[in-house]
Structure formats: structure tokens, C-alpha cells
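Coordinates in review
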Amino acid sequence: MDQKWNESDTEVFLRYGRVFVPERGELAKTFIDLIPANHDEDFVVVDIATGGGWLTETIASTFPKAHVIALDGSPEMLKYTKDRLEQYADRLEFRHFDLFDASWLNDLPNKVRCFVSSLAIHHLSFQQKQDLFKKLYSNLQNNGVLLIADIVKPVNEIGRRSMSRSWDDVTKKQSLKLEGNLQAYEYFLNAEWNLFEHPGDPVDKPSTLMEQLNALQQAGFSDIDAWWVKAGHALFGGYKY
Ligand SMILES: C[S@@+](CC[C@H](N)C(=O)[O-])C[C@H]1O[C@@H](n2cnc3c(N)ncnc32)[C@H](O)[C@@H]1O
């Protein structure tokens, strides 16, 4: 059976997400850099597992005519984010979806310019990721892009130790910088959030970056790359022409 994210993770992530995710500000800018659209264009973006909505918000605020379909499986997340982003209500659509059931793809508009996702695809097995990449490719318009920011699986023990150390360091630094104290960092340690140090939660099934780049190629994508990599997290994807 597919292991599911639960609502207690939702609460923690809403409270501490900005501390636990390495360099979210830089990540946001990199997503924007890579979206193939002019700033005044009217186009459709789908955010797969929007969570607290930082990526949906970044896109809606940068592209004033973009329509964003924001999906999530948590009713609590969806309500929180819909309320929080009310100022963009005329251009945002919030939909409940299940990452493990691709039927949500049947209800999309004809033309989707971008599929984006942050920290969700690693809940799928490698086979499920391969299947999803193929389906996203066929649902993307020409000149579209799939951009994924996610945890990646280390390729060896030396890499695992480095990713673990680096995620720890960046979380400590961000806890002090963003919250003014080490409370978030202590939570990160106590909750054993660093999965490079504490693997084994069946909800997390990261794949290596290389496996995913290859899977994107097999799905048909072009100009595949990883544009940002930090502390075992990567922003990667590919274009469709
Ligand atoms: C780690 S959070 C990331 C949220 C957001 N994209 C971000 O970067 O802050 C993972 C999100 O995936 C959603 N999620 C996890 N498993 C899911 C599933 N099986 N179906 C739909 N959504 C799921 C959770 O509700 C949560 O909002």
C-alpha cells in the first residue's frame, strides 16, 4: 500500500517549512528564471502539491496574468493556502488530488505551460515517478516545462554524509536568520527530519538525481538539467518543444 503524508506533518511543515527547506528564496528565483513565459503572458501553471503555497504565490505574484491550479491532498493545507492567497483568488484554483492516482490529469485544461512541484514527488516510488513524468509530458503544451524541486537519494555513503551535514548546517543557519533563535533547528533535530541521517520513513522514496534525469529523457523531455543543488535537494526538469 502507498504510505501517506499525514496532517501532523502538515502542521509542522506550515510552521517550519521556510527554515527546513534550504535557500527557499534562491529556489523561488530559479523557478522563475526557468519558466518559459513573458511576464505579461496569460498561461496555465499546475503546482503539484502546493502545501503552504510559497511556489504558487511566487508564480502568481511574478506573472500577473498566469492562472495557477494548485493541487494538494491535505484539506487543511488547501484551506490554509486558499485563505492566505486570497488576493490572487481570481487566478488561483485549488483542487484536492491524490498523488498516487493520476486521474487528476483528466480534468486539466488543454494547454498547460508549466508543471511545477516542490518536495512532493519523492513520495512516489521510482516506477510511479517514471509513469508520472510520461503523463506530465503528454499533458504539457509545446514550449512547456516540468520543474521539480525535491530531495534526492544519495548515490553513496560519502555523499549521504555530506548531504546530511549540509542540510543540518543550513537549517541551523536559517533557524537563526529567519526565526532569531534555534527553536526550529532543535525541532528539526528532535523530529529526526533530516532523512539523510534518519532514513526509513516509508512515506519518503527519493530517487537519485541521475535516475530522475534519465526518466525525464525517457518520458520525452528535452533540455533536461539540474539548475540548483543544495544539501541533498535539487531543482531539475526538462522542456517540451
Ligand atoms: C513537504 S510538503 C511540500 C509543500 C510545498 N510544495 C512546499 O514546497 O512547501 C508535501 C506536500 O505534499 C502533499 N502530499 C503528500 N502526499 C500527498 C498525496 N499522496 N497526495 C496529494 N498530496 C500529497 C502534502 O499535503 C504537502 O502539502
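Just above, that's the structure.
Description of the structure in this document. Only a predicted model underlies this, so the values are computations on that prediction, with no experimental measurement involved.

About the thresholds
- Residues numbered from 1 in each chain as written.
- Predicted model: local features only at pLDDT ≥ 70, side-chain atom pairs only at ≥ 80, totals over all residues.
- Heavy atoms only, no water.
- Buried < 20%, exposed > 50% of the residue type's maximum accessible area, 1.4 Å probe, protein only.
- Helix = DSSP H or I, 4+ residues; strand = E, 2+ residues; numbered from the N terminus.
- Pairing = 2+ DSSP bridges.
- Axes fitted to C-alpha atoms, helices over the stretch in contact; angles between N-to-C directions.
- Parallel < 35°, antiparallel > 145°, perpendicular 65-115°, else oblique.
- Contact = heavy atoms within 4.5 Å.
- Nonpolar A, V, L, I, M, F, W, Y, C, P; charged D, E, K, R; others polar.
- Left-handed = near helix turned anticlockwise from the far one by under 90°.

1. Remarks on the pairing of strand E7 (residues 233–240)
Burial runs high along E7: eight of the eight residues are buried. Neither face of E7 is open: one carries His233, Leu235, Gly237 and Tyr239, the other Ala234, Phe236, Gly238 and Lys240, and all of them are buried. In terms of strand pairing, strand E5 (residues 144–151) meets E7 through eight bridges, oriented antiparallel. Counted as the bridge partner of Leu146 is Gly238 from E7. Connecting strand E6 (residues 222–230) to the antiparallel partner E7 that follows it, the hairpin turn spans two residues, and Ala231 within it adopts a positive phi of roughly 50°.

2. Focus: the packing of helix H1 (residues 7–20) against helix H7 (residues 183–190)
The N-to-C vectors of H1 and H7 enclose an angle of 105°; their axes lie 10 Å apart at closest approach. One finds that H1 runs roughly perpendicular with respect to H7. Between H1 and H7, the residues in contact are Val12, Tyr16, Val19 and Phe20 and Gln183, Ala184, Tyr187 and Phe188, respectively. Of the residues contributing to the contact of H1 with H7, the split by class is seven nonpolar, one polar and no charged.

3. Some points on the packing of helix H2 (residues 24–34) against helix H3 (residues 54–62)
At their nearest, the axes of H2 and H3 sit 10 Å apart, and the two run at 50° to each other. Relative to H3, the element H2 lies oblique. Two packed elements cross with a definite hand, and for H2 against H3 that hand is right-handed. For the pair H2 and H3, the contacting residues are Arg24, Leu27, Ala28, Phe31 and Ile32 in the first and Trp54, Leu55, Thr58, Ile59 and Thr62 in the second. The residue inventory of the contact of H2 with H3, partitioned by class, reads seven nonpolar, two polar and one charged.

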